[in-house]
Amino acid sequence: MFKKFSHYFLPQPANNHRALLLQPSFLALFIALYLLNQSFIKSFTIARPGVLGYSSEITVGKILDQTNSERAKLGLSALTYNSTLSKSAESKAADMFDNNYWAHTSPQGKSPWDFFKTAGYEYSVAGENLAKDFYDTESLMKAWMNSPTHRENIVNSKYQEIGLGVVDGILNGVKTTLVVSHFGTPRNGVVLASSPPTDNISEVTVTVSPLQISKVFAIILFTFIIALLFIDSYITLKNKNSRLTGSSAGHIGFLAIILILLILTKQGTIF
């Protein structure tokens, strides 16, 4: 049986010493399959919003602790948790879900400062960090600290208080967790400490992330093609065959770079 289909996988005279699966027509088919997979996932999230996605183990308490831990490393005072600021952060997250956007300014023109004012927080200085699609607090904080603008908010000595919103919902048809961090210093200079909510320790139910589906499919596809190219190169060099096709080494190198980038793709997005 394998001998009958070997020309699809192995170089031989009948296929000009290049496996049929590595010839342009089949490579075009692989590309079409990848694009079809991407299109199917996008269409599915629109037709069945909320089916794909995942929940996270991120909590207000963990973000507060890790934020103050980063400040402590620089000898900065800890930020005080403020419930009014947290209402502002939660309202911003809810607004992004309600109006299906991912940005500091809403499609209706509402800026972060509008949410501060609506919540009743009068500030002298203020800032906002956003994040979505993160599973754990450690990855979230690492992403923020690796971004100069987000890091500046976290370790800004001018800020005295922090409010946090960690809200689950559906954004662009996908279940996700939005994290909003609002930083501020009260205009009257009076810092009012509030008790952060108690983190509920429960089992996290993880469903399927569209990003993860695309990533796994792409990794399998590129790994399969690279394996075929290695076999092709080995047999060609072993038999010292000459052919009228390009070098496999260049193709392997190019696809290997793409594969490494796919594997290193990080979870989550910050803004």
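Residues numbered from 1 in each chain as written. Predicted model: local features only at pLDDT ≥ 70, side-chain atom pairs only at ≥ 80, totals over all residues. Heavy atoms only, no water.

Student: So what's going on with the overall build of the chain? Residues and values would help.
Tutor: Per the secondary structure count, the chain includes nine helices and five strands. Going from N to C terminus, the chain has its helices and strands arranged as α-α-α-β-α-α-β-α-α-β-β-α-α-β. Taken across its 271 residues, the chain has 42% of its residues classed as buried. Contacts in the chain between residues at least 24 apart in sequence constitute 75% of all its contacts with a sequence separation of at least 6. Of the roughly 14900 Å² of accessible surface on the chain, a fraction of 62% belongs to carbon and sulfur atoms. (Helix = DSSP H or I, 4+ residues; strand = E, 2+ residues; numbered from the N terminus. Buried < 20%, exposed > 50% of the residue type's maximum accessible area, 1.4 Å probe, protein only. Contact = heavy atoms within 4.5 Å. Areas by Shrake-Rupley, 256 points an atom, 1.4 Å probe, with all protein chains shown as cover.)

Student: Give me the environment of Asn 188: which residues, what numbers.
Tutor: Structurally, Asn 188 can be placed in the loop between β4 (174–186) and α8 (210–239). Distance from Asn 188 to Tyr 123, taken between C-alpha atoms, is 8.1 Å for residues 65 residues apart in sequence.

Student: So what's going on with the packing of helix α3 (residues 60–73) against helix α6 (residues 137–145)? Which residues, and what values?
Tutor: Closest axis-to-axis distance for the α3/α6 pair is 10 Å, and the angle between their directions is 40°. Here α3 is positioned oblique relative to α6, judged by the angle of their axes. Of the two elements, α3 crosses α6, and the hand of that crossing is right-handed. Taken together, the residues of α6 that come into contact with α3 (itself represented by Lys 62, Ile 63, Gln 66, Thr 67 and Glu 70) are Thr 137, Glu 138, Leu 140, Met 141, Trp 144 and Met 145. Of the residues contributing to the contact of α3 with α6, the split by class is five nonpolar, three polar and three charged. (Axes fitted to C-alpha atoms, helices over the stretch in contact; angles between N-to-C directions. Parallel < 35°, antiparallel > 145°, perpendicular 65-115°, else oblique. Left-handed = near helix turned anticlockwise from the far one by under 90°. Nonpolar A, V, L, I, M, F, W, Y, C, P; charged D, E, K, R; others polar.)

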